[in-house]
Amino acid sequence: NAGVTQTPKFQVLKTGQSMTLQCAQDMNHEYMSWYRQDPGMGLRLIHYSVGAGITDQGEVPNGYNVSRSTTEDFPLRLLSAAPSQTSVYFCAIREGTNTGELFFGEGSRLTVL
Amino acid sequence: DQQVKQNSPSLSVQEGRISILNCDYTNSMFDYFLWYKKYPAEGPTFLISISSIKDKNEDGRFTVFLNKSAKHLSLHIVPSQPGDSAVYFCAAGTYKYIFGTGTRLKVLA
């Protein structure tokens, strides 16, 4: 998966708990992003980053925080988890500047009770 | 509003025939258009892409066509194989990529 590592792969939280989904890449790519996938909804962009220190919101940013202090890591934080955040989360990088192709990690399945 | 739409939730095709998956978009500013294949419990797998300055791109059995005037994107798979059975997503964007809701392709042996 193009060197994209997501952890944890599975997590169960209680409503109100906080947690961080980790995404790491070892290829020095500037662009990283987070998506969530829900049944019948496709993949929806949460946040993205075009380089260290630069982040921006996607389609569904509410309830999530991100930061990009290094090129390698792009963590996604849930400060107070809600059942509506039960989903599968995917981190993606973009390898090239001329092709636009995104490459995805294997996903993190989160359940909020 | 849904900027990228896949209006067919499912498609069944006989092995060896052509599969055509369609996608419509509304934003003429998208620079890149991509197709992904997805199996359950796995991340999306990149198939093929096309930039907004082109109208066709081929890679083996996969061809993507872009009709900018109609804001329409299609993926042709020839010949279709049973291993192609999966959910296919189209996506468009430059930095903010928007995905369609997917089409489930079933290739019948």
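Above this text is the structure in question.
Numbers given for residues are sequential positions, taken from 1 along each chain in its written order. Chains carry letters from A onward and ligands carry numbers from 1 onward, assigned in written order. This being a predicted model, a pLDDT of at least 70 is required before a residue's local features are given, and a value of 80 or more before pairs of side-chain atoms are given or counted; all residues contribute to the totals for chains, interfaces and linings. Heavy atoms from the whole structure form the basis of all side-chain values; hydrogens and water molecules are not counted.

A.B. asks: Even after reading the chapter, I still don't get the interface of chain A and chain B, so can you show me in this structure?
C.D. replies: A common way to express how large an interface is: the accessible area buried when the components associate. Contact residues are listed per partner, giving 25 residues for chain A and 18 residues for chain B. Note: buried area is the sum, over both parts, of the accessible area (probe 1.4 Å) each one loses when the two are combined. Per-residue buried area on chain A facing chain B is highest for Leu43(A), Arg94(A) and Phe104(A); these three make up 24% of the total on that side. Any carboxyl oxygen of Asp or Glu within 4 Å of a side-chain nitrogen of Lys or Arg constitutes a salt bridge here. There are 0 salt bridges connecting chain A and chain B. Throughout this description, a polar contact denotes any pair of N or O atoms lying within 3.5 Å of each other; where both atoms belong to protein, one of them has to be capable of donating a hydrogen while the other can accept it, and for residues adjacent in sequence the pair is counted only when both atoms sit in side chains. Across the contact surface, chain A and chain B share 8 residue pairs in polar contact (both at pLDDT 80 or more). Only strand S4 (31–38), strand S5 (42–51), strand S6 (54–57), strand S9 (87–94) and strand S10 (102–104) of chain A provide two or more residues apiece to the side of chain A that touches chain B. When residues are grouped by polarity, Ala, Val, Leu, Ile, Met, Phe, Trp, Tyr, Cys and Pro land in nonpolar, Asp, Glu, Lys and Arg in charged, and all others, Gly among them, in polar. Split by residue class, the side of chain A that touches chain B holds 11 nonpolar, 9 polar and 5 charged. We call two residues in contact when some of their heavy atoms are within 4.5 Å. A run of H or I in DSSP counts as a helix once it spans at least four residues, and a run of E counts as a strand once it spans at least two, with each numbered from the N terminus.

A.B. asks: What am I meant to see in the sheet that holds strand S7 (residues 62–67) of chain B here?
C.D. replies: Within a beta sheet, neighbouring strands are joined by backbone hydrogen bonds and run either parallel or antiparallel to one another. All names here are of chain B. Ordered by their spatial adjacency, 5 strands build an open sheet running S1-S3-S8-S7-S6, and the pairing between neighbours is antiparallel. Each of the sheet's edge strands pairs with one partner strand only, and the pair in question is strand S1 (4–5) and strand S6 (56–59). As defined by bridge partners, S6 adjoins S7 across 4 bridges and the pair is classed as antiparallel. When the bridges of S7 are listed, Lys 56 appears paired with Phe 65. The rule for pairing is simple: two strands pair if DSSP sees at least two bridges between them.

A.B. asks: How do you make sense of the nonpolar core when you look at a structure like this?
C.D. replies: Generally speaking, nonpolar side chains in soluble globular proteins are found buried as a group. Remark: nonpolar core denotes a set of buried residues (Ala, Val, Leu, Ile, Met, Phe, Trp, Tyr, Cys) joined through side-chain atoms within 4.5 Å. We call a residue buried when its accessible area falls under 20% of the maximum for its residue type, exposed when it is over 50%, and partly exposed in between, using a 1.4 Å probe and counting protein chains only. In terms of nonpolar packing, the biggest core is built from 40 residues, with Trp34(A), Tyr35(A), Leu102(A), Phe104(A) and Phe99(B) touching the most fellow members. Ranked by the residues each element gives to this core, the list is headed by S9(A), at 6 residues. The residues touching Tyr35(A), leaving out its near neighbours within four places in the chain, are Leu43(A), Arg44(A), Leu45(A), Ile46(A), Val88(A), Tyr89(A), Phe90(A), Ala92(A), Leu102(A), Phe104(A), Tyr97(B) and Phe99(B). One finds Val64(B), Ala86(B), Ala92(B) and Ile98(B) within the second-largest nonpolar core, a separate group that totals 24 residues.

A.B. asks: So what exactly am I meant to see when it comes to the side chain of His29(A) here?
C.D. replies: For His29(A), the location among the structural elements is in the loop between strand S3 (19–25) and S4. Not counting residues up to four positions away in its chain, the partners in contact with His29(A) are Arg68(A), Thr71(A), Ile93(A), Arg94(A) and Glu95(A).

A.B. asks: Even after reading the chapter, I still don't get the state of the cysteines, so can you show me in this structure?
C.D. replies: As used in these notes, a disulfide is a covalent bond between sulfur atoms, one from each of two cysteines. All names here are of chain A. Two cysteine sulfurs form what is called a disulfide whenever their separation falls within 2.5 Å. One pass over the structure, following the stated rule, counts 2 disulfides over all chains. In this model Cys 23 forms its disulfide with Cys 91; the gap between the sulfur atoms is 1.9 Å. Negative torsions about the S-S bond denote left-handed disulfides, and the value of about -70° found for Cys 23 with Cys 91 makes this one left-handed. Of this pair, Cys 23 sits in strand S3 while Cys 91 sits in strand S9; the two residues are 68 residues apart in sequence, bridging distant segments of the chain.

A.B. asks: I tried to follow the sheet that holds strand S1 (residues 4–7) of chain A on my own but got confused; where do I start?
C.D. replies: All names here are of chain A. With antiparallel pairing, the 4 strands of this open sheet are ordered in space as S1-S3-S8-S7. Edge positions in the open sheet fall to S1 and strand S7 (64–66), since each of these has one partner strand only. In this sheet, neighbouring strand axes are inclined to one another by 20° on average, regardless of whether the strands run parallel or antiparallel. Here S7 pairs with strand S8 (residues 76–78) via 3 bridges, running antiparallel. In the strand pairing of S8, Val 66 is matched with Leu 76. Lines fitted to C-alpha atoms define the axes here, with helix axes fitted over just the stretch in contact, and angles between the N-to-C directions of these axes take values from 0 to 180 degrees.

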